[in-house]
Every structure is written in structure tokens, then in C-alpha cells.
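The lines below spell out each chain.
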Amino acid sequence: MYTYPYFYRQQQPSATSNILSYAKGDVNGDFIEDQVYLVGEKTPDSPYIINITLIIQDGHTNLFYSVPLKTNTAYQPRLFLGDFTGNGVDDILISMDSGGSGGYGFYYLYSFLNNQAQVLFDYETFDETYEYEVNYQDQYKVEVLNKTLGLTFIINLSNRDSDYLSELYNKDGTLKAPLQGSVSGLNTLYPVDFDGDGVYELFAFQRIIGQYNADGLGLVQTPLTWKDSGFVPFFDNQYVAVLGMSTDV
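First, a word on scope: everything that follows refers to the structure included in this document.

Each value, and the rule that gives it
Residues numbered from 1 in each chain as written. Predicted model: local features only at pLDDT ≥ 70, side-chain atom pairs only at ≥ 80, totals over all residues. Heavy atoms only, no water. Buried < 20%, exposed > 50% of the residue type's maximum accessible area, 1.4 Å probe, protein only. Helix = DSSP H or I, 4+ residues; strand = E, 2+ residues; numbered from the N terminus. Phe/Tyr/Trp six-rings, centres within 6.5 Å; stacked < 30°, edge-to-face > 60°. Lys NZ or Arg CZ within 6 Å of the ring centre and 35° of its normal. Core = buried A, V, L, I, M, F, W, Y, C linked by side-chain atoms within 4.5 Å. Domains from an automatic or database assignment. Contact = heavy atoms within 4.5 Å. Pairing = 2+ DSSP bridges.

Positive phi outside glycine occurs at asparagine 51, with the angle close to 55°. On the basis of relative accessibility, which here comes to 35%, the residue asparagine 51 falls in the partly exposed class. Its identity is not glycine, yet asparagine 114 carries a phi of approximately 60°, on the positive side. Tracing the backbone shows asparagine 114 in the loop between strand S9 (105-111) and strand S10 (118-122).

Next comes the structure, spelled out in C-alpha cells:
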């Protein structure tokens, strides 16, 4: 968690900006409802948004606070307010779509306690935290290894299309040549209150990619909970979901 270095205050949002998303809640901890906006500039004949900025109006003083985002161009910017740290104050989750075939998402979670913007979650930091290997194996299997957490998953490919398998495997089930896949960066991030205590957790999804981007093998699912000063996986655990195929830990 760190205080955002380019945080500043202004009297009102820019007249050239459009309101893209709006939410209200107590985000600074004074028990008075604040107004939270995402604003940005629309591009002609396109849903692409540039200069996306977080704007907060203090419900007590009516002053506007502006927080520029590190990644500030995207599609469909949106807001969600909820308590993610357990201090009883709403935090600000910003979600944006990258567009394109990769289906990546840009996500930031801010605390605005005492009118100070602090980053609690940054999608780029998340992407850099976990190191993966994806290795095709004999007998129609793929090993997904999270080297950071020391977790291994095995995806069974045996019920994939015969043409797909024949390109990769000999008739006896051995690989024709060594082959590796990959795990994408963060695709989607959901706020979920897993244990129903009123404090939200984060649920992160990343695509497991085979030979090429459209060759999806499954999803790495990482439930994240706030601990001390950052988000960590529940019990250092992850899951892999595969539609139409079997998966073993």
C-alpha cells in the first residue's frame, strides 16, 4: 500500500470531461457520504476513453479531489465501492477493459481514508507477483505450475478434438515435440464477500493459453484477502477451472 504521489486537489472537475461512472459512500472515514466519479474524454465514433481520472467530492467540505490513473486509456471504466480492509470505510475499485483479443483488464483499488489516496491493489503489481510455467506433457496432459506459490495443476486434454490432439501427439500419446503455453496477465477481477462478514475480497481470473491466444486451456482463479498491508491468496491457494475438460491438483 502506498500514497499516490500525484494526488492533488481542485475546485471542480474539468469541463471537457464526461462522467463515466458514479458511486456514493463514505470513502474518507468521516461518516458523511462522499460522491465518487470516474471522468474521461470520449473519442469520436468510438467507445475508447482517454484521460480517465478518479474524482472524489468530500461530502463535508464539498471540495473536489482528483487522482490521475497510471493507466488512463481504456474501454468501459466503472466504479465499485466497498470495504476491502475491514476498517469500516469504503474503498474504491476501478475496473477498465483493454479491448482486443487478449481480454485484459486494468484494475486499481484505492483507499481514500482521511482524504489521502493510497493504492491497495494495482493490476501490474499483481501480474508481476506470480511466475508461471505451462508445459505440455505426454498422455494428453498439461502441467500448470505457479512457481511463486509452489502449486501444480494438471489439465487433462484427452477429450479435446482429435484434430487438435493429432497435431501435438503421436498415436501412443507421446508429444511430437516439446511445447509450452502461458498464463496471461489479469483478465478480470471481481469484488466478492466470500465469508459474508461485510468485508470484500478480490477474485482474480487469468487465462491459461495453449499454442496461441485463442487456444484457451482454462482459468487460473486466485481469491485474494487483505492481510496487514496487502492482498494475499487465501491460505496461499489457487484454483484452476477448465470447461469441458478435467483438472487435477
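So much for the structure itself; the text now carries on.
This part covers the packing of aromatic side chains. Geometrically, a pair of aromatic rings is defined through the distance of the ring centres and the angle of the planes. For the coordinates displayed, the defined rule picks out 18 aromatic pairs. Between the aromatic rings of phenylalanine 126 and tyrosine 130, the centroid separation amounts to 5.4 Å while the plane-to-plane angle is 65°, which identifies the pairing as edge-to-face. By relative accessible area, which is 5% here, phenylalanine 126 ends up buried. Following the ring pairs from residue to residue traces out a cluster consisting of Phe121, Phe126, Tyr130, Trp226 and Phe231. Taking NZ or CZ as reference, arginine 160 lies 4.0 Å from the ring centre of tyrosine 164, over its face.

Take the nonpolar core next. Counting residues in hydrophobic clusters, the biggest one holds 59 residues, and the most contacted among them are Leu54, Ile92, Ile94, Tyr110 and Phe121. Ranked by residues supplied to this core, first place goes to S9 with five residues. In terms of domain composition, this core takes at least three residues from each of domain 1 (17-123) and domain 2 (130-242). Ignoring any residue separated from it by four or fewer positions in sequence, one finds phenylalanine 121 in contact with Tyr107, Tyr108, Leu109, Phe126, Leu186, Leu189, Leu202, Leu224 and Phe231.

Now for the pairing of S9. Burial runs high along S9: seven of the seven residues are buried. Going residue by residue along S9, you find Gly105, Tyr107, Leu109 and Ser111 tucked away on one face and Phe106, Tyr108 and Tyr110 tucked away on the opposite face as well. Bridging between strand S8 (residues 91-97) and S9 involves six bridges; their strand directions are antiparallel. Considered in S9, the bridge of isoleucine 92 is made with tyrosine 110. One ladder, built from four bridges, connects S9 with S10; its direction is antiparallel. Residue pairing in the sheet places tyrosine 108 in a bridge with aspartate 122 of S10. Joining the antiparallel neighbours S9 and S10 is a turn of six residues, in which asparagine 114 adopts a positive phi near 60°.

As far as function goes, none of this settles anything; it's purely spatial.
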